[in-house]
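The primary structure of each chain is shown beneath.
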Amino acid sequence: MYWQEVIKAAEAELYELLCTKSKKYSTVRKHGKSAIKHWLPIFAAFLAGTFTGLTAAAATAIVAFVSLTIFRLGVGTFCRLYSETAPKNPESAR
């Protein structure tokens, strides 16, 4: 029973982080966007080095497209499902 409460609270916090523009997580969102800017070229360089004939520009475009698609689909799905099943009273999730 304790772990179910922990999971519900974690879901509520994740929803607030990913699905709202809450000031509580504005710094985290800002740092996340900055980290992605650094992560993208590193992964693209790895991809370009792994596949012969793939330029860095092409690898960057592929990585950006795939990453953005996966992230947007995942976040969109989570936000939709959580908002449909979330308790009506936000305090009850804490």
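Here we summarise the structure given alongside this text. Note that this is a predicted model, so its numbers are computed, not measured.

## A word on the state of the cysteines
Linking two cysteines covalently via their sulfur atoms produces the bond known as a disulfide.
Then, number 1: Inspection of the entire model under this criterion finds one disulfide.
Then, number 2: There is a disulfide in this structure between Cys 19 and Cys 79, and the S-S distance comes to 1.7 Å. The sign of the -90 degrees torsion about the S-S bond sets the Cys 19-Cys 79 disulfide as left-handed. Note that Cys 19 is positioned in helix H1 (residues 2-19) and Cys 79 in helix H3 (residues 56-85), a separation of 60 residues in sequence.
Then, number 3: For Cys 19, a relative accessible area of 23% translates into the label partly exposed.

## What about the nonpolar core?
Then, number 1: Among the nonpolar cores identified, the biggest contains six residues, and these are Leu 40, Ala 44, Leu 47, Ala 48, Ala 59 and Val 63.
Then, number 2: Secondary structure elements with two or more residues in this core: helix H2 (26-50) and H3.
Then, number 3: Considering every element that reaches this core, the biggest residue donor is H2, with four residues.
Then, number 4: Apart from residues no more than four positions distant in its own chain, Ala 44 is found in contact with Ala 59, Thr 60 and Val 63.

## Brief notes about the packing of aromatic side chains
The way to describe two aromatic rings as a pair is by their centre distance and the angle between their planes.
Then, number 1: Counting across every chain of the model gives five aromatic pairs.
Then, number 2: With centroids separated by 5.5 Å and ring planes inclined at 10 degrees, the aromatic side chains of Trp 39 and Phe 43 adopt a geometry described as stacked. Placement of both Trp 39 and Phe 43 in helix H2 is noted, with a separation of four residues, approximately one turn of the helix.
Then, number 3: Here Trp 39 falls in the partly exposed class, since its relative accessible area comes to 41%.
Then, number 4: Look at Phe 43 and you get partly exposed, because its relative accessible area is 35%.

Thresholds applied
Residues numbered from 1 in each chain as written. Predicted model: local features only at pLDDT ≥ 70, side-chain atom pairs only at ≥ 80, totals over all residues. Heavy atoms only, no water. Disulfide = S-S within 2.5 Å. Helix = DSSP H or I, 4+ residues; strand = E, 2+ residues; numbered from the N terminus. Buried < 20%, exposed > 50% of the residue type's maximum accessible area, 1.4 Å probe, protein only. Core = buried A, V, L, I, M, F, W, Y, C linked by side-chain atoms within 4.5 Å. Contact = heavy atoms within 4.5 Å. Phe/Tyr/Trp six-rings, centres within 6.5 Å; stacked < 30°, edge-to-face > 60°.

Function cannot be inferred from these measures alone, as they are strictly geometric.
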